[in-house]
Amino acid sequence: MTPQTVPLRLVKDGPEQRAIEAGEIDAIIDHGGSNVILLPAARRALNQAAKRGTAAKRDTADEITIANSLLAALPRAEYQRLLGNLEPLTLKSGEVLHEQGAPIRHVYFPVDCVVSLLATVQEGQGLEIGLVGYEGMVGIAVALGQDIATGRAVVQVAGTAMRMKAPHFRQEFQECPLLRRELLPYAHLKLALARQTIACNCFHAVEARLARWLLMTSDRVRSENFFLTQDSLAASLGVRRTTINVAAGPLKRRKLVSYSRGRIRILDRKGLEAASCRCYARI
């Protein structure tokens, strides 16, 4: 027997019609035809929700980007223009972003991650000459016209960043004088930081250097708590893992820091600054 379609009839001034007019009914379900008929109020609500969702996604991207100081310093119109080529991503601890002697394929604007810049020698050994967090970018050489990495960039503290393909960044850098205004002084500061770090590594005790490094990392993650392995600390300071244990001992005994299974917490920031070498204040 073929099912018959029964037309929907509303009784004038009946309860169904009054409910629809009051907005108490969002849709009518036609079980026979397996259809859902949305009433105008429901359609408007869905459209508004879709618009809010799109705006929320855009605001989230803006929020991630603003969290990087270099990009946040740009006028909003310029920075909005960059968003089309910026990709948010999560970086893992130990992830290599650039390898020395290899082409630079992307530049990175950290948000809450920390990246170590290493000068490498034979057998992959390296010494840290810079640390980059939310205040800067990784791949500044591209802004200076260089396509090949002169050192290794390794993620020390996992977190989020914004990434842009090097060719897109090169074009934006050439076309946006305001971007050049922000990045060229930053490149000069990174060079000064590298010089200071090299001098520090040569002349200061490991304990003082470790205190400086912990403070610098804390500044860049904007927290007194972060995760770091002894191996990554040793690689950054150019020492053995056992040397890190020896250097960290006095800091823990004086209750300046606590360390458990890679989780570091700064307990006494003023005390740690006093234990650090003068390079921390200069940097």
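Right above here is the structure, for reference.
Residues numbered from 1 in each chain as written. Predicted model: local features only at pLDDT ≥ 70, side-chain atom pairs only at ≥ 80, totals over all residues. Heavy atoms only, no water.

Caption draft 1: Seen up close, the overall build of the protein chain. Within the protein chain, the secondary structure is distributed over eleven helices and twelve strands. Within the protein chain, contacts between residues separated by at least 24 positions form 68% of all contacts whose residues are at least 6 apart in sequence. Taken as a whole, the protein chain presents about 16,400 Å² of accessible surface, with 54% of it coming from carbon and sulfur. (Helix = DSSP H or I, 4+ residues; strand = E, 2+ residues; numbered from the N terminus. Contact = heavy atoms within 4.5 Å. Areas by Shrake-Rupley, 256 points an atom, 1.4 Å probe, with all protein chains shown as cover.)

Caption draft 2: Geometry of the sheet that holds strand 7 (residues 126–132). Spatial ordering of the open sheet is given by 4-8-6-7, a layout of four strands whose pairing is antiparallel. At either margin of the open sheet sits one strand with a lone partner, and together these are strand 4 (96–98) and strand 7. Adjacent strand axes in the sheet meet at a mean angle of 35°, parallel and antiparallel pairs treated alike. In this structure, strand 6 (residues 114–120) lies alongside strand 8 (residues 152–157), joined through five bridges in antiparallel fashion. Paired with Val114 across the bridge in strand 8 is Val157. Helix-sheet contacts for helix 6 (residues 177–203) involve strand 6 and strand 7, and the interaxial angle to strand 7 is about 140°. (Pairing = 2+ DSSP bridges. Axes fitted to C-alpha atoms, helices over the stretch in contact; angles between N-to-C directions.)

Caption draft 3: Focus on the sheet that holds strand 11 (residues 257–260). Within the open sheet, the three strands sit side by side as 10-12-11. Their pairing is antiparallel. On the outer flanks of this sheet lie strand 10 (225–227) and strand 11, each paired with one strand and no other. Between one strand axis and the next, the sheet turns through 15° on average, direction left out of account. Set on the sheet, helix 7 (residues 206–221) makes contact with strand 10, strand 11 and strand 12 (263–266); between it and strand 10 the angle comes to about 105°.

Caption draft 4: Summary view of the packing of helix 7 against helix 9 (residues 241–253). At a minimum axis distance of 9 Å, the contact between helix 7 and helix 9 shows a crossing angle of 75°. One element, helix 7, and the other, helix 9, form an angle in the roughly perpendicular class. Where helix 7 approaches helix 9, its residues Val206, Glu207, Leu210 and Ala211 are matched on the opposing element by Thr243, Ile244, Ala247, Ala248, Pro250 and Leu251. Its residues placed into classes, the contact of helix 7 with helix 9 shows eight nonpolar, one polar and one charged. (Parallel < 35°, antiparallel > 145°, perpendicular 65-115°, else oblique. Nonpolar A, V, L, I, M, F, W, Y, C, P; charged D, E, K, R; others polar.)

Caption draft 5: How the structure looks around the nonpolar core. Within the largest apolar cluster, 36 residues are counted, with the highest numbers of intra-cluster contacts made by Leu86, Leu91, Leu97, Phe109, Met137, Phe169 and Leu183. By size, the runner-up hydrophobic cluster in this structure holds 27 residues, among which are Val157, Met216, Ala234 and Ala248. (Core = buried A, V, L, I, M, F, W, Y, C linked by side-chain atoms within 4.5 Å. Buried < 20%, exposed > 50% of the residue type's maximum accessible area, 1.4 Å probe, protein only.)

Caption draft 6: How the structure looks around the packing of aromatic side chains. For the coordinates displayed, the defined rule picks out two aromatic pairs. Members of the aromatic cluster, each reached through a chain of ring pairs, are Phe109, Phe169 and Phe173. (Phe/Tyr/Trp six-rings, centres within 6.5 Å; stacked < 30°, edge-to-face > 60°.)

Caption draft 7: How the structure looks around helix 8 (residues 230–237). The buried count for helix 8 comes to six of eight residues, which makes it a mostly enclosed element. Considered for burial, the residues of helix 8 that qualify are Gln230, Ser232, Leu233, Ala234, Ser236 and Leu237. Once helix 8 finishes, Gly238 follows within two positions and takes phi at roughly 70°, a positive value.

Caption draft 8: Here's a closer look at the packing of helix 5 (residues 166–175) against helix 6. In the contact formed by helix 5 and helix 6, the axes pass within 5 Å of each other and the chain directions differ by 105°. Looking at the two axes, helix 5 sits roughly perpendicular to helix 6. Residues Phe169, Glu172, Phe173, Gln174 and Glu175 of helix 5 form the contact with helix 6, whose own contacting residues are Pro177, Leu179, Arg180, Leu183 and Leu184. The class makeup of the residues in the contact of helix 5 with helix 6 is six nonpolar, one polar and three charged.

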